[in-house]
Amino acid sequence: MSDIKIKEAPVEDEQAQPILTHEKSLSQKIARGSEAGDMLDQQMVMLGIQLVTQLNVLIKTSRIYDRTNAALDKPVDAILTLIKTMAHDRPVTLRLQNDFLFLGDSHLKVNAQQMAVATSIIDALNAWKIGGMTFSLTVESKDLREFAALFVSLDPDNKTLEDLQKEIKAREIAGIDLEEQRQLQIRKRPETAENIGPDSTKSTDPKAQRKMDAKNGYAKLAGSIGDLTQSARTGGTVSFKQARRAIQNIIDRMVDDETAVLGLTTLRCHDQYTHNHSVNVSLLSMALANRAGYPKVELADLGLAALFHDMGKSTIPMEVLNKPSEFTDDDWVAMRNHPTEGVLGLSKMRGLTNLPGRMAAASFEHHMNLDFSGYPKLTVPWTLSLTGRILTIADCYDAMTSSRVYRREPMSPSKVLNMMLSKSGKAFDAVLLKLFVNCVGIIPIGSLVMLETSELAVVLKPATDKANAERPVVRVITDPQGNPVDHGPEVDLTEKDEAGDFRHNIIRLIDNTDYKFDTSRYFV
């Protein structure tokens, strides 16, 4: 496979400092379309994501502290630095359209780690029906503090954007302007989200909207598991209502487009492994249970149980969970005790009056394996619940296809599936595993393949024709020379030509982990 050329995407450092500029703007010195211009565009997008992050911190902090409190110093100083860096040519405008964030005309594509922050800002802007927020060089610390205090003190349910704008003017807040959301005109020929700029009047197509809905649902689930895990660590009161609502939303999305939901499980962020893993296991479990015939109500119960299957890890010190080196014997004892600790912890939570059976089973049984070769070890007869058998499959698949703190490189989906199939009837329930393969595909979602044309493609969803299960729906992502292509065609490999022959064929699977190629970008 030495002849394959894959250009890696640049790694973004979320902690990167703002770029340094001279007294005149760099963008006036760089030709558009040049390599330097592309680098500047990428850096501006990175700074835009930092701006969104710091705005989120400022708003959340202002809900707790007064505008003069020192707790606001960090986000205010960071925002001022970002604005001074970016606003040489024109004011910095953060726009919202169709639940997509833009910095000027550039779409701010976020990864899994940034998704919850982006969703928080999107929800805040939507509450006020704000379509754009512009910062100019005249903005000062007092303006940001006053604006944030105003933003969180007024109620968007009782006040309008016009009221907010009047208050901004009355309090002489300078350098911050807000604009209304624009009404979109419905077009007969829909455009994809990637082709829509914030100033466009075109609508997103239904597929793009379903993708966005699924992504928002994923972010809310990740936020729920984070909040509840923190509550469990501190002994606080736990409320499952938000998580249950998010689960129900995911189920509705799954009914409309299962692959849009399952595609999100390709997100692989080792720094947020615990949260992402719990959400992924919940999605995979619900998809499998849906194939097994679960009604909607029971799907929600199972999804909630799966979401908190690793709650026992809240008893393990963070330095152990995030340990980059080999575990000691004591570390392994703590890790292998987490299923039992999860049941005990869930039963003590003040947010639960009675511990549901599925939730207990999800926590206690997900590492046991069908043949009880896993843990915890039991000295009494035991029958694995259906929940436990479903969770064992979903948990193993996501854990092995994910990067971890101590294992940066995950296994490719196809390798993991082959390994699991070799243990069918032993570690895994054979019938459920077969249904799971139907969910993710014999060539799983997110896999990288080479077509007979030497083009590379990523698997978007399993084959629609089960008689040709090895022929999934793919998106072409490179030309025959291995150069990446934008907006490559979506191809159903079961399509035939006039002579009855398949139009396209896979000649081999590519191990995307060998090339450090992240296919999740095609699902978010």
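As the structure is a computational prediction, the values presented were derived from the model and not from experiment.

### Let's talk about a nonpolar patch on the surface
And step 1. A contiguous nonpolar patch, built from F372, L378, V380 and W382 and spanning about 340 Å² of accessible area, is present on the exposed surface.
And step 2. With respect to the secondary-structure elements, V380 resides in the loop between α14 (357–365) and α15 (386–400).

### So, the sheet that holds strand β4 (residues 130–135)
And step 1. Ordered by their spatial adjacency, five strands build an open sheet running β3-β2-β1-β4-β5, and the pairing between neighbours is antiparallel. Pairing within the sheet leaves two strands with one partner each, and these edge strands are β3 (106–107) and β5 (176–180).

### Regarding the sheet that holds strand β7 (residues 456–461)
And step 1. Spatially, the five strands line up as an open sheet ordered β9-β8-β7-β6-β10, and their pairing is antiparallel. Two strands lie at the open edges of the sheet, namely β9 (490–492) and β10 (506–510), each paired on one side alone. Taken over all neighbouring pairs, the strand axes of this sheet differ in orientation by 40 degrees on average, direction set aside.

### Some remarks on the confidence of the model for the protein chain
And step 1. In this model, the protein chain carries a mean pLDDT of 79, and residues with pLDDT of at least 70 account for 76%.
And step 2. Confidence scores differ between elements of the protein chain, with helix α6 (residues 206–234) showing the lowest mean pLDDT of 67 and helix α4 (residues 141–153) the highest of 95.
And step 3. Taken together, the stretch residues 1–37 has pLDDT below 50 and engages in 61 contacts with residues farther than four places along the chain or on a different chain.
And step 4. Considering only residues more than four positions removed or in separate chains, one finds that residues 183–204, a stretch of pLDDT under 50, has 47 contacts.

### As for the packing of helix α16 (residues 413–422) against helix α17 (residues 430–440)
Packed helix pairs are characterised by how far apart their axes lie and by the angle those axes make with each other.
And step 1. One way to put it is that α16 packs onto α17 with a least axis distance of 11 Å and a crossing angle of 165 degrees. Overall, the two elements α16 and α17 adopt an arrangement that is roughly antiparallel. As α16 packs across α17, the resulting crossing turns out to be left-handed. For the pair formed by α16 and α17, the contact residues are L417, M420 and L421 on the first element and L433, F436, V437 and V440 on the second.
And step 2. Classifying every residue of the contact of α16 with α17 gives seven nonpolar, no polar and no charged.

### Overview of the side chain of T401
And step 1. Residue placement: T401 occurs in the loop between α15 and α16.
And step 2. At a separation of 3.3 Å, a polar atom in the side chain of T401 contacts the main-chain carbonyl oxygen of D398.

### A closer look at the packing of aromatic side chains
And step 1. Under the criterion given, the structure shown has five aromatic pairs.
And step 2. Considering the side-chain rings of W128 and F151, the 6.3 Å spacing of their centres and the 45 degrees angle between planes classify their relative orientation as tilted. In this pair, W128 sits in helix α3 (residues 112–128) while F151 sits in helix α4, placing the two residues 23 residues apart along the sequence.
And step 3. Residue classification places W128 among the buried positions, given a relative accessible area of 3%.
And step 4. Pairwise contacts between aromatic rings join W128, F147 and F151 into one cluster.
And step 5. Of note, R471 hangs over the ring of F502, and the distance from its end group to the ring centre comes to 3.5 Å.

Conventions used here
- Residues numbered from 1 in each chain as written.
- Predicted model: local features only at pLDDT ≥ 70, side-chain atom pairs only at ≥ 80, totals over all residues.
- Heavy atoms only, no water.
- Patch = residues over 30% accessible without salt bridge, like charges linked within 9 Å, V, L, I, M, F, W, Y side chains within 5 Å.
- Areas by Shrake-Rupley, 256 points an atom, 1.4 Å probe, with all protein chains shown as cover.
- Salt bridge = Lys/Arg side-chain N within 4 Å of Asp/Glu carboxyl O.
- Helix = DSSP H or I, 4+ residues; strand = E, 2+ residues; numbered from the N terminus.
- Pairing = 2+ DSSP bridges.
- Axes fitted to C-alpha atoms, helices over the stretch in contact; angles between N-to-C directions.
- pLDDT = per-residue confidence, 0-100.
- Contact = heavy atoms within 4.5 Å.
- Parallel < 35°, antiparallel > 145°, perpendicular 65-115°, else oblique.
- Left-handed = near helix turned anticlockwise from the far one by under 90°.
- Nonpolar A, V, L, I, M, F, W, Y, C, P; charged D, E, K, R; others polar.
- Polar contact = N/O pair within 3.5 Å; in protein donor to acceptor, adjacent residues only side chain to side chain.
- Phe/Tyr/Trp six-rings, centres within 6.5 Å; stacked < 30°, edge-to-face > 60°.
- Buried < 20%, exposed > 50% of the residue type's maximum accessible area, 1.4 Å probe, protein only.
- Lys NZ or Arg CZ within 6 Å of the ring centre and 35° of its normal.

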